[in-house]
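Observations on the three-dimensional arrangement
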Amino acid sequence: MAVITAHRHRVTGKSTWLRRKVADNLQAWAFLAAGIACFALFSWYPLVRGIVLSFQQVNFVTDAIWVGWDNFRALVNDPLFFTAWGNTLEFTGLALLFGYAVPFVVAIVINEFRHLRGFFRIAVYMPVMLPPIVSVILWQYFYDPGNGLFNSILTGLHLPVSDWTQSPKMAMISLVLVSTWANMGGATIMYLAGLATIPSELYEAAELDGASVWQRIRHVVLPQMRFILLVLLLLQIVATMQVFIEPYQLTGTTNPDTITVMVLVYRYAFTVNNDFGLAAAMSVLLFVVLGAFSAAYLRLTRDKD
């Protein structure tokens, strides 16, 4: 009898624990439901829908036609396909040269200030608070070949003027300068946050050993900020490979010197082909390339420890 009673108590206790566990999980899922619904509606569904569209010929006016791999074959046969990829890679390389290294240097300089550090943080972050299109339009005035600010300065200095965004040699650099100015504030703030976590004892020890500024950066700053540097490098590459606003607004959709992958997607969907299936196929290719690169990058840079 005592054995049966003990068994019943164990069963009752186990069932009570199970009910409590289920109730706790249901409560957690209830809190997560809104976030999951938003992700499903605005992230996962468009992703799946885009993959489906890439295998169709669709203009959202007539019925969609299933074309299989024809969209991808048409992309490879388009002369602008490889041009767009080449320009995108060129923009990414130049953006890494300016947009990745410059914010790091600016953060180190600001971090060395003993006074007005807060002012410089706000000043360097202000362009980020502007809508991207506003920043591009502002620089469009700077680049104006007639009465633009930059050519007016060059004229005042008796130097030759430039066509800037219309020049094959200067067009891509002009786009990178706009992108760097508009987005460097966010990276600079992240670098400053990373610099603030470095123990001051490391700087003091380096100074006592007679380390120069470059030696302190090399042996103290870079090792301590390795994780932030690696993450921002990945984010920078992924973001710059999707550049659209700068080339679209400054050079248009027909300039072969600055047409990028996302501009070509726009051309397929809204101007030349009016085929959202072809545009979706190009987007899927970009997604696959960035996904493969991100996976390889994370694999190669993961902490061996």
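Our structure's up above, just so we're on the same page.
Residues numbered from 1 in each chain as written. Predicted model: local features only at pLDDT ≥ 70, side-chain atom pairs only at ≥ 80, totals over all residues. Heavy atoms only, no water.

**Some thoughts on a negative patch on the surface**
Using the following cut-off: For patches, a residue must show more than 30% relative accessible area and have no salt bridge; joins then use 9 Å for like charges and 5 Å for nonpolar side chains, namely Val, Leu, Ile, Met, Phe, Trp and Tyr. Throughout, the Shrake-Rupley method with a 1.4 Å probe supplies accessible areas, and for residues the shown protein chains are the sole cover considered. Salt bridge, as used here, is a side-chain nitrogen of Lys or Arg placed within 4 Å of a carboxyl oxygen of Asp or Glu. Charge assignment: positive for Lys and Arg, negative for Asp and Glu; neither His nor the chain ends contribute. A charged residue contributes its charge at one atom only: NZ of Lys, CZ of Arg, CG of Asp or CD of Glu. Each helix is a run of H or I in the DSSP string that is no shorter than four residues. Each strand is a run of E no shorter than two, and both are numbered from the N terminus.
On the surface, Glu112, Glu201, Glu204 and Glu207 cluster together to form a negatively charged patch. For the negative patch, the leading source of residues is helix H8 (residues 200-208), giving three residues. Mapped onto the fold, Glu201 is located in helix H8.

**Notes on the pattern of salt bridges**
Convention followed: Partly exposed describes any residue whose relative accessible area lies between the buried limit of under 20% and the exposed limit of over 50%, with all areas from a 1.4 Å probe on protein chains only and scaled to the type maximum.
Under the defined criterion, the tally for this structure stands at one salt bridge. When the shortest N-O distance is used, the salt bridge between Asp70 and Arg73 registers 2.7 Å. In this pair, Asp70 and Arg73 are both assigned in helix H2 (residues 70-77), three residues apart and thus about one turn of the helix distant. Its relative accessible area of 41% is what places Asp70 among the partly exposed residues. Note on Arg73: relative accessible area 48%, which makes it partly exposed.

**So, H2**
Rules: Think of it as the arc spanned by the lines of direction from the helix axis to the C-beta atoms.
Looking only at H2, the buried set comprises Asn71, Phe72 and Leu75. For H2, the buried positions fall inside an angular range of 95 degrees around the axis, keeping them on one side.

**Some thoughts on the packing of helix H12 (residues 261-271) against helix H13 (residues 276-301)**
To keep things clear, this is the line we draw: Here an axis means a line fitted to C-alpha atoms, over the contact stretch when the element is a helix, while the angle between two N-to-C directions is reported on a 0 to 180 degree scale. Should an angle fall under 35 degrees it is taken as roughly parallel, and over 145 as roughly antiparallel, whereas 65 to 115 is taken as roughly perpendicular and any remaining angle as oblique. Crossing handedness is defined as follows: a turn of the near helix away from the far one that is anticlockwise and smaller than a right angle gives a left-handed crossing, while the clockwise case is right-handed. Note on contacts: a residue pair is in contact if any heavy atoms of the two residues lie within 4.5 Å. Only Asp, Glu, Lys and Arg are considered charged, only Ala, Val, Leu, Ile, Met, Phe, Trp, Tyr, Cys and Pro nonpolar, and every remaining residue, Gly among them, polar.
Direction vectors running N to C along H12 and H13 enclose 160 degrees, while the axes themselves pass 7 Å from each other. Taken together, the axes of H12 and H13 lie roughly antiparallel to each other. Viewed along their axes, H12 and H13 form a crossing whose handedness is left-handed. Together, Val261, Met262, Leu264, Val265, Tyr268, Ala269 and Phe270 of H12 and Phe276, Leu278, Ala279, Met282, Ser283 and Leu286 of H13 make up the contact between the two elements. Along the lines of polarity and charge, the residues of the contact of H12 with H13 split into 12 nonpolar, one polar and no charged.

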